[in-house]
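# A structural walkthrough
Here is how the chains run, residue by residue.
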Amino acid sequence: MNRTMADTETRAGAGSDQLIFFVNGKKIVERNADPEMTLLTYLRRKLGLTGTKLGCAEGGCGACTVMLSRYQTHTQKLHHYAVNACLAPLCSLHLVAVTTVEGIGSVARKLHPVQERIARSHGSQCGFCTPGIVMSMYALLRNNPTPKMADVEQAFQGNLCRCTGYRPILEGYKTLTVEGGCCGGRGRENGCCMTNGNGEEKNSEEETDESTSLFNTADFAPYDPTQEVIFPPELMSLTKGQRSASLRFKGDRATWLQPDSLDEFLHLKWKHPEARVVVGNTEVGIEVKFKNMVYPVILAPAFIPELNAVTHTEDGVVFGAACTLSHMGEVLQRAVETLPPHQTEVFLAILEQLRWFAGLQIRNVAAVGGNIMTASPISDLNPVFMAAGCKLTLMDKDGARVVQMDDGFFTGYRKTILRPQEILLSIEIPYSQKTQFVSAFKQSPRREDDISIVTAAMNVTFAPGTDVVEDLRLSYGGMAATTILAKKTANRLRGRHWGEELLQEACSSLAEEVTLDPSAPGGMVMYRRTLTLSLFYKFYLTVLQKLRKQDMTVEEVGSDCLSAAELFHPETPSSVQIYQAVPEGGAQGDVLGRPIMHLSALKQATGEAVYCDDVPLYENELYLALVTSSKAHAHILSIDATEAESMPGVVCCVFADDIPGSNATGPVEYDETILATGQVCFCLSDRSGKTLRFMPRFTIFPSFLQVTCVGHIIGAVVANTQLHAQRAAKAVRIQYEELQPVITIQEAISAQSFYQPIRTIQRGDLEVGFKQADHILEGEMHIGGQEHFYLETNVTLAVPREDGEMELFVSTQSASKSQVLVAKALGVPANRVVVRVKRMGGGFGGKETRTTVLSTVVAVAANKLKRPVRCMLDRDEDMLVTGGRHPFYGKYKVGFLNSGKVVALDVSYYSNAGNSMDLSLSVMERALFHMENSYSVANVRGRGFLCRTNLTSNTAFRGFGGPQGMMVAENWMTDVAQSLGKCAEEVRRLNLYVQGESTPYNQVLEQFTLDRCWDECLTRSGYQQRRADIDLYNRQNRWTKRGLAIVPTKFGISFTAVFLNQAGALVHIYTDGSVLLTHGGTEMGQGLHTKMVQVASRVLGIPFSKIHISETSTNTVPNTSPTAASASSDLNGAAVQNACEILVKRLEPYKTKNPKGSWEDWVKAAYFNRVNLSANGFYKTPDLGYDFETNSGRAFNYFTYGVACSEVEIDCLTGAHKNLSTTIVMDVGHSLNPAIDIGQVEGGFMQGLGLFTLEELHYSPRGVLLTRGPGSYKIPAFGDIPTKLTVSLLRDAPNDKAIFASKAVGEPPLFLAASIFYAIKDAIVAARLESGINGPFRLDSPASAERIRNACSDRFTKLCPPAEPSTFIPWSVQV
Ligand SMILES: Cc1cc2nc3c(=O)[nH]c(=O)nc-3n(C[C@H](O)[C@H](O)[C@H](O)COP(=O)(O)OP(=O)(O)OC[C@H]3O[C@@H](n4cnc5c(N)ncnc54)[C@H](O)[C@@H]3O)c2cc1C
Ligand code: FES
Ligand code: FES
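Everything numeric here is computed off the predicted structure, so don't read it as measured data.

### Notes on helix α2 (residues 39-46)
- When α2 is considered as a whole, its buried residues turn out to be Leu-39, Leu-40, Tyr-42, Leu-43 and Arg-44.
- In the core, the buried residues of α2 are packed alongside β1 (19-23), β2 (26-30), β3 (65-72) and β5 (97-99).

### Quick word on helix α35 (residues 1128-1153)
- When the terminal C-alpha atoms of α35 are compared, their 37 Å separation across 26 residues agrees well with the 38 Å that a helix rising 1.5 Å per residue should span.
- Roughly 40° is the biggest bend found in α35, and it falls at Leu-1147, with proline Pro-1149 one to four residues downstream.

### Some details on the confidence of the model for the protein
- In the predicted model, the protein carries a mean pLDDT of 93, and 94% of its residues have values of at least 70.
- Counting contacts from residues 182-207, a segment whose pLDDT is below 50, to residues more than four positions away or on other chains yields 53 contacts.
- Low pLDDT, under 50, characterises residues 679-704; the predicted model gives this stretch 62 contacts beyond four residues in sequence or across chains.

### Observations concerning the packing of helix α4 (residues 113-120) against helix α5 (residues 130-143)
- Following both chains from N to C, one finds α4 and α5 inclined at 130°, their axes separated by 9 Å at the closest point. Judged on the interaxial angle alone, α5 and α4 are oblique. Classified by chirality, the crossing of α5 by α4 is right-handed. Of the residues in α5, those touching α4 at Val-114, Gln-115 and Ile-118 are Thr-130, Ile-133, Val-134, Met-137, Tyr-138 and Leu-141.
- For the contact of α4 with α5, the class distribution of residues is seven nonpolar, two polar and no charged.

### Some thoughts on the sheet that holds strand β18 (residues 436-443)
- Taken in spatial order, the four strands make up an open sheet running β18-β19-β20-β21, and their pairing is antiparallel. Among the strands making up the open sheet, the edge pair consists of β18 and β21 (484-485).
- Examined bridge by bridge, strand β19 (residues 454-462) and strand β20 (residues 469-477) share eight bridges and lie antiparallel to one another. Among the inter-strand pairings, Asn-459 is bridged to a residue of β20, identified as Arg-473.

### Details of the site of ligand 1
- Neighbouring ligand 1 are 29 residues, the closest being Val-277, Val-279, Thr-282, Glu-283 and Asp-380.
- Between ligand 1 and Gly-280, the relevant distance is 2.8 Å, taken from an oxygen atom to a main-chain nitrogen or oxygen of the residue.
- Considered on its own, ligand 1 offers 990 Å² of accessible surface; in the complex 93% of this is hidden by protein.
- Put simply, the parts of the chain that give the shell around ligand 1 at least two residues each are β9 (276-277), α16 (368-374) and β17 (423-430).
- Per element, the largest residue contribution to the shell around ligand 1 is four residues, and it comes from α16.
- Grouping the amino acids of the shell around ligand 1 by side-chain chemistry returns 14 nonpolar, eight polar and seven charged.

### Here we look at the environment of Arg-1291
- Position of Arg-1291 among the secondary structure elements: in the loop between β50 (1284-1289) and α38 (1314-1330).
- The sequence separation of Arg-1291 and His-1230 amounts to 61 residues, and the corresponding C-alpha distance is 8.0 Å.

### Focus on the environment of Leu-238
- Here Leu-238 lies in helix α9 (residues 233-241).
- Along the chain, Leu-238 and Tyr-71 lie 167 residues apart, while their C-alpha atoms are 9.9 Å from each other.
- In this structure Leu-238 touches Ile-20 and Leu-95, once residues within four positions along its chain are discounted.

### Quick word on unusual backbone geometry
- The step from Gln-756 to Pro-757 runs through a cis peptide bond, and the omega angle for that step is 0°.
- For Pro-757, the location among the structural elements is in strand β33 (residues 754-763).
- Cis geometry marks the peptide bond from Ser-1341 to Pro-1342; its omega dihedral reads 5°.
- As for its position among the elements, Pro-1342 is in the loop between α38 and α39 (1345-1351).
- Of note, the phi angle at Leu-95 is positive, near 65°, even though the residue is not glycine.
- Of note, Leu-95 is situated in the loop between β4 (77-84) and β5.
- The phi dihedral of Asn-292 is positive, around 60°, even though this residue is not glycine.
- Mapping Asn-292 onto the fold places it in the loop between α11 (284-290) and β10 (297-299).
- Taking relative accessible area as the criterion, Asn-292 reaches 48% and is therefore assigned partly exposed.

### What to know about the packing of aromatic side chains
- A full pass over the atoms with the stated rule returns 39 aromatic pairs.
- A centroid spacing of 6.1 Å and a plane angle of 70° characterise the contact between Phe-888 and Tyr-909, whose relative ring orientation is edge-to-face. You can see Phe-888 sitting in strand β39 (residues 888-896) and its partner Tyr-909 sitting in strand β40 (residues 902-914), a full 21 residues away along the chain.
- Judged by relative accessible area, Tyr-909 falls into the buried class, the value being 0%.
- Cation over ring: Lys-397 sits above Trp-270, and NZ or CZ is 4.5 Å from the ring centre.
- Geometry around Phe-789 places Arg-875 over its ring, the cationic atom sitting 4.1 Å from the centre.

Calculation rules
Residues numbered from 1 in each chain as written. Chains lettered and ligands numbered in written order. Predicted model: local features only at pLDDT ≥ 70, side-chain atom pairs only at ≥ 80, totals over all residues. Heavy atoms only, no water. Buried < 20%, exposed > 50% of the residue type's maximum accessible area, 1.4 Å probe, protein only. Helix = DSSP H or I, 4+ residues; strand = E, 2+ residues; numbered from the N terminus. Contact = heavy atoms within 4.5 Å. Expected span 1.5 Å × (residues − 1). Bend = angle between axes of the 7 residues up to and from the residue. pLDDT = per-residue confidence, 0-100. Axes fitted to C-alpha atoms, helices over the stretch in contact; angles between N-to-C directions. Parallel < 35°, antiparallel > 145°, perpendicular 65-115°, else oblique. Left-handed = near helix turned anticlockwise from the far one by under 90°. Nonpolar A, V, L, I, M, F, W, Y, C, P; charged D, E, K, R; others polar. Pairing = 2+ DSSP bridges. Near = heavy atom within 4 Å. Polar contact = N/O pair within 3.5 Å; in protein donor to acceptor, adjacent residues only side chain to side chain. Areas by Shrake-Rupley, 256 points an atom, 1.4 Å probe, with all protein chains shown as cover. Phe/Tyr/Trp six-rings, centres within 6.5 Å; stacked < 30°, edge-to-face > 60°. Lys NZ or Arg CZ within 6 Å of the ring centre and 35° of its normal.

Laid out in C-alpha cells, this is it:
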C-alpha cells in the first residue's frame, strides 16, 4: 500500500524505539540503544562477552570480527556475513542475529572445528587475534562449507596476527578446504601434504628421523555443516511477519532515525539537511571515533529496497547506493561470467579494485554510495566510476536528477555537488563497447587491506577498426584533494595512434599536468608523480596487447615487457617445516621435544582465555583516559580542566600533585615524569574558572620542566565509563609555549644532542687494517623504527586494598618493574603492591618497560579515589605514548682485499632514543655486539651514539638493537660485493667466522654451527640453480626483476646487564598429586608456560596434565627479570628444573620405599611424613660479565645461529614486490617444543619482514606521529607470507649451555628477514643495470614500494625529479 506524501511528512522521524536482536541465540530487546555505541562495546561491557576483542577500533585488525545473520525477505534467503563489531553501530542491528566466538563452541561444552583446528595447528600464540580469525573462518564456512584456499585467503584479508606469521593458521584451515582433502591428514610415509604444504618427497636416507608434521589431522573432529547453530526461529518469524517499521533511538548526543521507505528517508533528509547518512559506518565510524565529529542526527537507510536494488538496463547495471561492495562484486562477477567480454571491461576494472579494497568484513557492510559520497581523494572506486563515465541519480523529496560522474562532481576535499537535502539514490555502471578498453590500478604500501598511495583508472575508445584514439579518460586518485581527470593529456592524445610517440607525449604531458606540491599531505611526492606515468605505461602495454588480439597492426609488445602488464594475483602459499623428531620410548607422558600445542590455545580459540581487559568490571570501578601533549617540545603555561570536570560521568582529574610518592620514574634512570609538571605557571582552575593552584616547582631534572614529546603524559581524567573519560580528556585545555624540538637523528647530530655514555668496542688496529686493504669504501644507511603492534594494547586495572596495598592486573612483560615503580609513585614499600599477569596479547619488548607509563598513572588515580580504576589504551594512544623500536643511522668505512675479505671496519651507529633513556643504552650495546653480524673482521671499531630527541622514548623490541647492528653489517657486505662485481653469497661465505675465532668483544665462538646452517640453507634452497634461473629471468624481463640473497645471523643470548640473568620458580605439590607451577616469566604468546610445564613434567616424571600454571605474580616469585632477551626459557627453565629437582629428592625415599606406587602415593606418603612439598628454585647464568673499558669478559652465554635465503620479484614500475620463496635453517639446539620454536622462527621472521620491507612510521617535521593505527601503519598480512616457506631446525646440535640442550629462539630469527631486503636490493641492481647504472647505492630500510621504485631509475623517474630539499617543508621526515 502506498502512503501519501502527507502521511510520510507527519510520520517522518516518528518510529519505534525498540531494538530487537539476537546474540548467540538469545533474544535482546533494547529500549535505550545509544546511537553512538558500537556492537563491540555492547558485547564486552553490557553482555560480558569478552571473547570478541578490541585491537584497533577502526576496522583494520579484525580482532573484533563477529558474524551477523539476517533473513532477507526479498530473496527469502539467510545471509551470513562477517563484520567488524568495532564499527557496527548497535542501532543497526534490528532483527539481526549476532554470533560471537562464544556462540559457536567452548572448551567446556564442545569445540567447533574452526576453533579446534586453529589451536591444534599452532595457529594461536598470544591468542588475541584468534577469536576474530575463528569468526572469519566460521562465517566463510556458513556460506560455503567446501571453500577453496583462495576463499580462505580472501576471508582473512581483514584479519591481522602479529605473532604467528600466519602460516600455521592457513595450514590448519587448509584441512577444511577442498585442497586439504588429500590423504585426510592421516599421513603417509613422508608426511602429509596438509602439513608440509606440497607433499614433497624426502630426498635422503639419513633424514629419516626428520619430521615434517607438527600436528595430526586424525586428532581433528570432523566438520559437519548440518550441525551448525540454527538461525533463531523467532527471529525468522519476526522478520517474515514484519511490516516495515521505522525506528528512532535517542542518545546523549545523537538521534538514530531508521526510515522504512524511500519517501520517509527523503522527508527526513529534507527535515534534517544536516543529518549524516550512515550505511556501513566504515567512514562515519572513523570520523566519530578519531576525528571528534558529533552528528546529532543519523539517518540509516540501509534497508530501503530502492537503495538496495540492482537493475540490469540496456546500458549497464544500476546499483542502489546502499548496495554493499560485496554484493556489488558478486553481481559484477556474475555479469562477467555471462556477458560477452567486450561489454565487461568496466566491470572487470571494478572487480580488480574490489579485490584489494579493505578486508571482507568492511566490504560486507560498506556501501558503494558511501564510497562515492565520502569523496575521498584516495577512493579506489571513484577513479573507475569517473573514467567509465558512470551516471548518478541524486534525489530529494521533490524529485530526482541524473548527473555524470566527472570532475565536476567533486567540488573540493571531501565535497560533492550534492545539495544538503539530497541523497544519492543509485549509480549506473555502463557496459563497455567493442573498441573500448578499461583498466584500473591501485598502489598501496601493502597489497591487502590498505588505502591507496595512488589509484588510477584509464578508459580508451578507438575509432572502429583503427588504433586511433577517439576518446580517452585518465582518472587518478591520490594526486590532488579530489579524484581528478587528466583532461589536458587526454585531449592531446585524442586522434593519435596508439604507439611509442603517443606514449612519450602522454608521459611528458602527464608529468606536467598531474603534479603535486612538494609538501603535499601523504608525502612520497616524487614516487606518486612517477606512478602516474608508470601506471599509464602499464595501461599502454595492456591496450597494445588487446589491440593485437583484435588483429590491429600496432607495435609488438616485446616479450621482455609482457610481465609489466600482468596483474598481480596471489598464489596460495605452501610450506615445509622440518625438525628432528625425538625418539619414541621415553618415559610415559614425557613430552619434552615434542610439538605439543600451546597450553592456552584452545581457550584462546573459544574466547574463554582471560586477558587483562576481560577481567569483569568491579562494581565501583572507574575508567581513566590520558591527557597528553600535542607539542614535541614546550613549556606548559596552563592547564584548564574546567570543562572536562563538568562533563557527564567525570569523577576527577589527576595531575602531578596527586602523586603521593615520587613523580620521578624510569626503568633504568629516573629521568622521566609520571605526569608532566610545568614550572612556568602551572594553573589549574575549578568549574567556576577560579584558579585552584599555581605551582612553580623545583625539580632537579631539567626535562621535568616541560613536555618533551608529542604524547608526553600530562594528566588523566577519571570517569564512570571509557566514553565519558575519553571525551572529557579531549576537553582539557593546555597552553604551551613552544620550544625548538630536535626530531631527527640528523638534527640531533647537528645539535650534538646525545645521551651519555657513547659506547665503543674496538679491537685490532684500524690504521693497519685500512693500510692493508686493497679498497676502502664508505657508506651509510638509515633503518626506520617499528611499532610493536601487539594486538592487545597496554592495559592496567588497579584495585586499592587495605593498608595502602594496591593490586594491579597489568599486561606487562615485567611484573617486578611495574611493582617497584608503582610503589615508588605511591610512596609505599614494594611489599604493598602486587602485580599479576595472566597472559598478554603480545609483547615483543613493547611491554617490557613502557607499560609502567600507564600503570603508574592508573595506580595514582586508584589511590586518589580509593576505587578500582582501569585503562586500556586505544590503538592510537598506545602508538603515541609507548614508543617502539629505535630508528638507527649507520655510517661506515670498510677496508677489504681484492678477494672480498674484509680487513678493517669503522662503523658508527646513531639511534633515535627519544625523550628519555629507557633501555636505549642496552639497545645500543647490543647493536654494537652485533656490528660484525657473523663475519670475522680483524681490525674493527664500533661506536654508538644515543640521540636525545623530542620523540616518545623508544624502547625494547624483539632483537633489541641486534637487527639494526646486523643490518648495517649486511649493507657494507653487499657494497663490498657490488664494488668488486662479485656474487654477494661468495663474499659473505668468505668472511664467515669459523669455529674458535673470536668476536670484536673477544668472545671465542664455541659449538659453532653457522657454517652447517649456511651449507644446509644453500642446499635446501637450491641456491645455485635459483641464481641461474633468476639471471635468466632478469635477462628476459625488463620491468619485473627477481633477486636472491642469503643472509646469516649470530645472536648473542643473555641480558647484557649481568644482574638480570637470574630467575626464580616456585613449585607446590598438593596432596592430590596436582602441581602448581609458578616462575618469573610471563606468557605473551611465545609458549613459555607450555615449555616450563614440559620441563617440570620431565624433571618430576609426571604427565604434563598434572601441572598447572595460573599466572605470574610478584607475591609468588619476587624480583623477577623481564621476560625478554630470548632468555626466559633458559633462565626460568633452569629455575623450574632446580625447584623440581629439590622436590624429586624429597620424594625419593617414598619412591624407593614403594617403587610400584604411583606419584599420588609418594606425594601422600611424603605429606603424612611432614615433608615440605613446596620448593623454591633459582638459577643464575654462570661466567658472565663483559667490561667495555677493558673489552674483556663474556658478554653472552652462547649464540643462536641461523641462515635464510630469500627470492623476491619486484615490479620496477610500481615498486611493489612479491616474496616468492624463503628457506630458513635455524639452530635452536635440541628443541624443547618444535611447534613452538618453529612458531617463533616464522613469527619472528614475519615481524622482520615488516621491519625491513613494509612498516613505516611517519613523523611530521614538528614531531607529530602521523601513523597511529592499522589504517596508516601496515604490519604484514596473510598475503605477505613468502609463497614458498621452508623452515628447518638444524639437526644434531645440542647446546650444553641451556636447559635440556635447547637454545633461545625468540629474537634471533627476526633478522633473517634481511634476506628479503637484500634480495630486493639484488633485484634493484638488475633494474638499474638496464639503465646503465652500476655499483653500490644507498637503499634505506624499509624497502618500501616508494624506495624500490625510486631506486629503479628509468625514463619515467627522470620526468619527475625531486624538488630541491631546502625549498619546501616536507609532510614527513626521516627520524
Ligand atoms: C578498514 C578500512 C579500510 C578501508 N579501505 C578502503 C579501500 O581500500 N579503498 C577505499 O576506497 N576506501 C576504503 N575505506 C573507506 C570506506 O570503507 C569506504 O569509503 C566505504 O565504501 C564507505 O561506505 P559506508 O557505507 O561504510 O559509508 P558510511 O560511513 O556509512 O558513510 C560514508 C559517507 O557517505 C555518505 N553517504 C552514504 N550513503 C549515502 C547516500 N545514499 N546519500 C548521500 N550520502 C551518503 C554518508 O553520509 C557519509 O558521509 C576503508 C575504510 C576502513 C574503515
Ligand atoms: S578492533 Fe575492530 S577491526 Fe580492529
Ligand atoms: S596470536 Fe595472533 S596476534 Fe598473537
